[in-house]
Amino acid sequence: MKNIAVIGAGTMGNGIAHTFAQFNYKVHLIDIAQENLDRGMATITKNLDRMLAKEKISEQDKDQTLANITTFTDLKEGVQQVDLVVEAATENEDLKLKIFKQLDEFCAKETILASNTSSISITKIASVTRRPEQVIGMHFMNPVPIMKLVEIIKGYSTSQEVTQKIMDLSVALKKTPTEVNDYPGFVANRILMPMLNEAIETLYNQVGGVKEIDTVMKLGMAHPMGPLQLADFIGLDVCLSILEVMYDGFKNPKYAPCPLLVNMVQAGKLGVKSGEGFYDYSESKKAEVVAAQFK
């Protein structure tokens, strides 16, 4: 597999495209909006410049990585003659089902279809295609060029041959693939999201403040980032979406999103991406200033 299409030029999509291109795969980066593609390519360039400044890559490496990426706004055109498609669109089930129906129609019959979903059923996604044995989950972690883990999710019908190909491909990207089964939240978010939700509940019930909660987890549990800062980094809307998928899937109240999280998302306080979440990011992207509503 040398030709890869990546759908979505947002945080995850541009990181996935960057990673494949850096390892000399030919990448088609696809997004419906040209401005998203321009922003995604600017992010890739900035991240490569950062690696260059740290002497992790050469100027030639940077140039070759960028040359390996071609952008498209037309899905049908972008997925022609590719061996693998990695969908990294918004974490919305209806949107993903629509995309996979189109991919099944537009892609060659041997093309493998992967989703970077962090919680939505691969089996359900595969059910809208005529090739369920070739549909798989490839859940990268953010930031993709740095984080080593890739959660490989087998749907009910995913073939062992396709699973092995994707495991091998992940190793070729110098990642550590970890195979898991297809249940809501998989492994990473089934464990992580209830922890983040519980941290928000702890704040909601005024057991501790934002900095206090994050300090306890960083210094007491050796977490590199506190749970409220991490929720801001992931995006509070993404956290809410994943918790809703898990709550719908398990019908277990322990996955019910905290009312504070719901209110913050409704108010547009989404974390780093919106400039404010539990912390205020108007001056700095670092979590240094607690948002006014929590002071």
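Residues numbered from 1 in each chain as written. Predicted model: local features only at pLDDT ≥ 70, side-chain atom pairs only at ≥ 80, totals over all residues. Heavy atoms only, no water.

1. A closer look at the overall build of the protein
So, step 1. Regarding its fold elements, the protein presents twelve helices and ten strands.
So, step 2. For the protein, the C-alpha atoms occupy an extent of roughly 55 × 45 × 35 Å along the three principal directions.
So, step 3. When burial is assessed residue by residue, the protein has 48% of its 295 residues classed as buried.
So, step 4. Within the protein, counting contacts between residues at least 6 apart in sequence, those at least 24 apart form 64% of the total.
So, step 5. Working note: accessible area of the protein is about 14,500 Å², and carbon and sulfur atoms make up 52% of it.
So, step 6. Counting 31 positive and 36 negative side-chain charges, the protein places the centres of these two groups 2 Å from one another. (Helix = DSSP H or I, 4+ residues; strand = E, 2+ residues; numbered from the N terminus. Buried < 20%, exposed > 50% of the residue type's maximum accessible area, 1.4 Å probe, protein only. Contact = heavy atoms within 4.5 Å. Areas by Shrake-Rupley, 256 points an atom, 1.4 Å probe, with all protein chains shown as cover. Lys, Arg positive; Asp, Glu negative; His and termini not counted. Charge placed at Lys NZ, Arg CZ, Asp CG, Glu CD.)

2. Here we look at the packing of aromatic side chains
So, step 1. Counted under the stated rule, the structure contains four aromatic pairs.
So, step 2. Site record: aromatic cluster; members linked through ring pairs are Phe20, Tyr25 and Phe140.
So, step 3. Against the face of Tyr25 rests Lys2, its NZ or CZ located 4.3 Å from the ring centre. (Phe/Tyr/Trp six-rings, centres within 6.5 Å; stacked < 30°, edge-to-face > 60°. Lys NZ or Arg CZ within 6 Å of the ring centre and 35° of its normal.)

3. Considerations on the packing of helix H2 (residues 34-53) against helix H3 (residues 59-67)
So, step 1. The N-to-C vectors of H2 and H3 enclose an angle of 165°; their axes lie 10 Å apart at closest approach. Here H3 runs roughly antiparallel to H2, going by the angle between their axes. For the crossing formed where H2 meets H3, the hand is right-handed. Of H3, the residues touching H2 (which contributes Met41, Ile44, Thr45, Leu48, Asp49 and Leu52) are Glu59, Lys62, Thr65 and Leu66.
So, step 2. Among the residues making up the contact of H2 with H3, the classes are represented as five nonpolar, two polar and three charged. (Axes fitted to C-alpha atoms, helices over the stretch in contact; angles between N-to-C directions. Parallel < 35°, antiparallel > 145°, perpendicular 65-115°, else oblique. Left-handed = near helix turned anticlockwise from the far one by under 90°. Nonpolar A, V, L, I, M, F, W, Y, C, P; charged D, E, K, R; others polar.)

4. Let's talk about the environment of Gly226
So, step 1. Relative to the assigned elements, Gly226 resides in the loop between helix H9 (210-221) and helix H10 (227-234).
So, step 2. Separated by 30 residues in the primary sequence, Gly226 and Leu196 have C-alpha atoms spaced 9.2 Å apart.

5. Focus on the UniProt feature "domain: 3-hydroxyacyl-CoA dehydrogenase C-terminal" (unreviewed entry) in the protein
So, step 1. Mapped onto this numbering, the UniProt entry gives "domain: 3-hydroxyacyl-CoA dehydrogenase C-terminal" (unreviewed entry) at residues 185-281.
So, step 2. This span, residues 185-281, is 62% helix and 2% strand, and a straight line between its end C-alpha atoms measures 28 Å. (UniProt positions renumbered as here; feature names shortened; annotations may be inferred.)

6. Quick word on the pairing of strand S7 (residues 149-154)
So, step 1. Counting buried residues along S7, five of its six residues qualify, which places the element largely inside the surrounding structure.
So, step 2. Summarising the sheet, strand S6 (residues 135-140) and S7 pair through five bridges and their orientation is antiparallel. In the sheet register, Met138 faces S7, and the bridge partner there is Ile152.
So, step 3. In terms of strand pairing, S7 meets strand S8 (residues 176-181) through six bridges, oriented parallel. Each residue of the ladder has a partner; that of Glu151, found in S8, is Thr178.
So, step 4. Crossover S7 to S8 through helix H7 (residues 160-172) is right-handed. (Pairing = 2+ DSSP bridges. Right-handed = clockwise from strand over helix to strand, strands pointing away.)

7. Overview of a positive patch on the surface
So, step 1. Judged by side-chain charge, Lys46, Arg50, Lys54, Lys56 and Lys285 come together as a positively charged surface patch.
So, step 2. Relative to the elements of secondary structure, Arg50 occurs in helix H2. (Patch = residues over 30% accessible without salt bridge, like charges linked within 9 Å, V, L, I, M, F, W, Y side chains within 5 Å. Salt bridge = Lys/Arg side-chain N within 4 Å of Asp/Glu carboxyl O.)

8. Quick word on the nonpolar core
So, step 1. Formed by 34 residues in total, the largest nonpolar core has its most connected members in Phe20, Leu84, Val86, Met138, Phe140 and Ile166.
So, step 2. Listed in part, the 28 residues of the second largest apolar core include Ile213, Ala231, Cys258 and Leu270. (Core = buried A, V, L, I, M, F, W, Y, C linked by side-chain atoms within 4.5 Å.)

9. Digging into unusual backbone geometry
So, step 1. Cis geometry marks the peptide bond from Asn142 to Pro143; its omega dihedral reads 0°.
So, step 2. By the element assignment, Pro143 lies in the loop between S6 and S7.
So, step 3. Even without being glycine, Lys251 reaches a positive phi, approximately 55°.
So, step 4. Structurally, the position occupied by Lys251 is in the loop between helix H11 (236-250) and helix H12 (259-266).
So, step 5. For Lys251, a relative accessible area of 64% translates into the label exposed.

10. Things to note about the pattern of salt bridges
So, step 1. Summed over the entire model, instances satisfying the criterion amount to nine salt bridges.
So, step 2. The residue Lys62 makes a salt bridge to Asp49 at a minimum N-O spacing of 2.7 Å. In this pair, Lys62 sits in helix H3 while Asp49 sits in helix H2, placing the two residues 13 residues apart along the sequence.
So, step 3. Take Lys62: its relative accessible area is 13%, and that puts it in the buried class.
So, step 4. Owing to a relative accessible area of 34%, Asp49 belongs among the partly exposed residues under this scheme.
So, step 5. Between Glu87 and Lys96 there is a salt bridge, with the nearest N and O atoms lying 2.4 Å from each other.

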